[in-house]
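# Residue-level structural notes
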Amino acid sequence: MILCVGLVADPTFLHGVRALARGDVPFEVVDLPTLALYGDLTMALDDLRNTRIRTGDGPTELSLDEVGAVWSRPLNVCDAAPDPRSAHRADGQYQALCRLLEAVDLPVLNPPLREASNAAKVLHAVTLAPVAGWRIPRSCLTNDPDTALAFVRDCPHGAIFKGAGAVKTWATLFREEHERRLPRLVRSPTLFQERIVGPDVRVHVVGSRAFGEVIHSPELDYRTARGGNRFAALQLPPGILDGCRRLVASTAVPFLGVDFKVEAATGEWFFLEANSMPCYEGYDVRAGGEISRAILDWLTSPPPPAVKIPASRR
C-alpha cells in the first residue's frame, strides 16, 4: 500500500492521487488539515514502523507497518487553522511527519527535509551545479544599492531580479524605472542575475528517468504568461541527462523538477534550480501522463536508495 501525505486541496497532490487510482494501486490518503482538526498521530520512537495515524474519517488507524512506500507532499497549514489550538496541532504534526519521513525505513518520494538548500537560491545553485557539471548565470545577491546597480550595468543583455529564498517570486527584467527603488534593498536583499536570452527548459527526474520540455514564451517568466506559451517535448543532451541523474544520487531525492535557461545564440544550458517539491501536473498532462507513470513505477518497485557522491568527486 502507498501512503499519500499532503493536502487534498493542493492540485498537484490531487493529480498524483488520481494517478494512483487510475493505476489500480492500493493507497491511503492523509490530508493534513483533516489530521490536525480531527485525527491523531502517534509516533513509536522505538520502532518508527509502528507509528499509527488516525485521519478522523473513522475509528480505524493506519500503521506504517502496513505501508510499502510513501508519496509525500506535505505543507504546513498552521497559519490557516481556525484557532490557536488547531494551529499548534497542525504545526506539531507537520514537524513530526517531516522528521518521521526522513528517518523511517521506507521508500519516500520525497523526504521533505532531504534537500533544503533551495531556501537560499544562490547557495542552492552553487552547491548543486558543480555536482552536475553545469554553469549558472552570473549572479549577485545583495542589499547594497550601489553594488546592485553596478552589477546590472555590467550585464550586456540586461539583468533580472527575483526573491533570494524559497518563497515563490517572479523573475522580472530590471528596467530604468527600477533604479529609484534600489534603496529598498537595504531591508530586502534581492538576487540579481545576468539575463539569459533564450527558452526555458523544465526537466522532471524520477529516479533514473527524465522528461524534458522546452518552453518558448512571450514573457520573461513563462509562468506569468496568460497565453502564447509554446511547449514541446525535448530529447535531453547526454550531459544534461547525466547531470540530472547525478543530482538525484547526490541529494538522495528521487523526484526533482530541474529548471534551465538555454542561450539562443550559443545553445549553452544554464542551471537555475532543482525543486524537490515540483508542481508537475501541467507538464504531466502534456507528456501524456508519463511523469505520473514513472512515479507510480518508483513507488511500487522502488530502486535501491541513492548513494551520495563523495565530496571529493564533486
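We now turn to the structure provided with this report. Values in this document were obtained by computation on a predicted structure and should not be read as measured data. (Residues numbered from 1 in each chain as written. Predicted model: local features only at pLDDT ≥ 70, side-chain atom pairs only at ≥ 80, totals over all residues. Heavy atoms only, no water.)

### As for the overall build of the chain
Filter applied, for reference: Note on conventions: DSSP H or I runs of at least 4 residues are helices, E runs of at least 2 residues are strands, and numbering of each starts at the N terminus. Atoms counted for the radius of gyration: C-alpha only. Globule rule: 2.2 Å times residue count to the power 0.38. Three labels apply to residues, based on accessible area from a 1.4 Å probe with only protein chains included: buried if under 20% of the type maximum, exposed if over 50%, partly exposed otherwise in between.
The secondary structure content of the chain amounts to eight helices and 16 strands. Computed over C-alpha atoms, the radius of gyration of the chain comes to 21 Å, within 12% of the 20 Å expected from 2.2 N^0.38 for 314 residues, which places it in the range of a compact globule. Dimensions of the chain along its principal axes, counting C-alpha atoms only, are 65 × 45 × 45 Å. Sorting the 314 residues of the chain into buried and exposed places 46% on the buried side.

### Description of helix 6 (residues 238-251)
Definition in use: By this rule the span expected of a helix is its residue count minus one, scaled by 1.5 Å. Two residues form a contact once any of their heavy atoms are found within 4.5 Å.
Between its first and last C-alpha, helix 6 extends 20 Å over 14 residues, near the 20 Å set by a 1.5 Å rise per residue. Within the span of helix 6, buried status applies to Ile240, Gly243, Cys244, Leu247, Val248, Ala249, Ser250 and Thr251. Check the buried side of helix 6 and you find it contacts helix 4 (121-132), strand 12 (200-206), strand 15 (255-262) and strand 16 (269-275). Ala252 lies just past helix 6 and shows a positive phi near 60°.

### Notes on the environment of Ala232
By the element assignment, Ala232 lies in strand 14 (residues 230-234). For Ala232, a relative accessible area of 35% puts it in the partly exposed group. Setting aside residues no more than four positions away along its own chain, Ala232 makes contact with Gly212, Glu213 and Val214.

### Examining the pairing of strand 16
Put simply, the rule is: The pairing criterion for strands is at least two bridges between them, as found by DSSP.
Of all seven residues that make up strand 16, six are buried, and the element is covered over most of its length. Pairing of strand 15 with strand 16 involves six bridges; the strand directions are antiparallel. Bridge assignment links Val262 to a residue of strand 16, and that residue is Trp269. Hairpin geometry of strand 15 and strand 16 is characterised by an intervening segment of six residues between the two adjacent antiparallel strands and by a positive phi of about 80° at Gly267.

### Focus: the environment of Arg180
Put simply, the rule reads: Each polar contact in these results corresponds to two N or O atoms within 3.5 Å; when the atoms are within protein, one needs to be able to donate a hydrogen and the other to accept it, and residues that are neighboring in sequence are counted only if both atoms are side-chain atoms.
In this fold, Arg180 is placed in the loop between strand 10 (172-173) and strand 11 (190-194). By relative accessible area, which is 64% here, Arg180 ends up exposed. For the pair Arg180 and Pro145, spaced 35 residues apart in the sequence, the C-alpha separation amounts to 9.7 Å. Only 3.3 Å separates the side chain of Arg180 from the backbone oxygen of Glu177, close enough to count as a polar contact.

### Observations regarding the sheet that holds strand 15
For the record, the criterion: To get an axis, fit a line to the C-alpha atoms, keeping to the stretch in contact for a helix; angles then go from 0 to 180 degrees between the N-to-C directions.
Pairing is antiparallel across the open sheet formed by five strands, whose spatial order is 14-13-12-15-16. Two strands lie at the open edges of the sheet, namely strand 14 and strand 16, each paired on one side alone. Put simply, the sheet's adjacent strands are angled 25° from each other on average, direction ignored. Alignment of strand 12 against strand 15, held across seven bridges, turns out to be antiparallel. Residue pairing for strand 15: His204 is matched across the bridge by Gly257. The strands that helix 6 touches are strand 12, strand 13 (209-216), strand 15 and strand 16; relative to strand 15, the one it contacts most, it runs at about 140°.

### Some remarks on the side chain of Asp221
Here Asp221 is to be found in the loop between strand 13 and strand 14. Asp221 gets classed as buried once you look at its relative accessible area, which sits at 7%. Side-chain polar atoms of Asp221 contact the side chain of Arg223, separated by 2.7 Å. Leave out the neighbours within four places in its chain, and Asp221 touches Thr169, Trp170 and Ala171.

### Observations regarding the packing of helix 4 against helix 6
Condition: Throughout, the term roughly parallel applies to angles under 35 degrees, roughly antiparallel to angles over 145, roughly perpendicular to angles from 65 to 115, and oblique to all others. Two helices crossing with the near one rotated counterclockwise from the far one by less than a right angle form a left-handed crossing, whereas a clockwise rotation gives a right-handed crossing. All residues other than Ala, Val, Leu, Ile, Met, Phe, Trp, Tyr, Cys, Pro, Asp, Glu, Lys and Arg, Gly among them, are scored as polar; the first ten of these are nonpolar and the last four charged.
Following both chains from N to C, one finds helix 4 and helix 6 inclined at 120°, their axes separated by 8 Å at the closest point. It follows from the interaxial angle that helix 4 and helix 6 lie oblique. Seen along the crossing, helix 4 lies across helix 6 with a hand that is right-handed. Side by side, helix 4 and helix 6 meet where Leu128, Val131 and Ala132 of the first sit next to Gly243, Arg246, Leu247, Ser250 and Thr251 of the second. Per-class residue counts for the contact of helix 4 with helix 6 are four nonpolar, three polar and one charged.

### Side note on the pairing of strand 9 (residues 159-162)
Examined bridge by bridge, strand 9 and strand 11 share four bridges and lie antiparallel to one another. Bridge assignment links Lys162 to a residue of strand 11, and that residue is Leu191. Inspection of the sheet shows strand 9 paired to strand 10 by two bridges, in the antiparallel sense. Each bridged residue has a counterpart across the sheet, and for Ile160 the counterpart in strand 10 is Leu173.

### Concerning the pattern of salt bridges
Between side chains of opposite charge, a pair can form when the charged atoms approach closely. Filter applied, for reference: The term salt bridge refers to a pairing of a side-chain nitrogen on Lys or Arg with a carboxyl oxygen on Asp or Glu at a separation within 4 Å.
If you walk through the whole model with that rule in mind, you get 15 salt bridges. In this structure, Arg209 engages Asp297 in a salt bridge whose closest nitrogen and oxygen atoms are separated by 2.9 Å. Of this pair, Arg209 sits in strand 13 while Asp297 is found in helix 8 (residues 290-300), placing the two residues 88 residues apart along the sequence. Three or more residues joined by partner-sharing salt bridges are found here, namely Arg138, Asp154 and Glu194.

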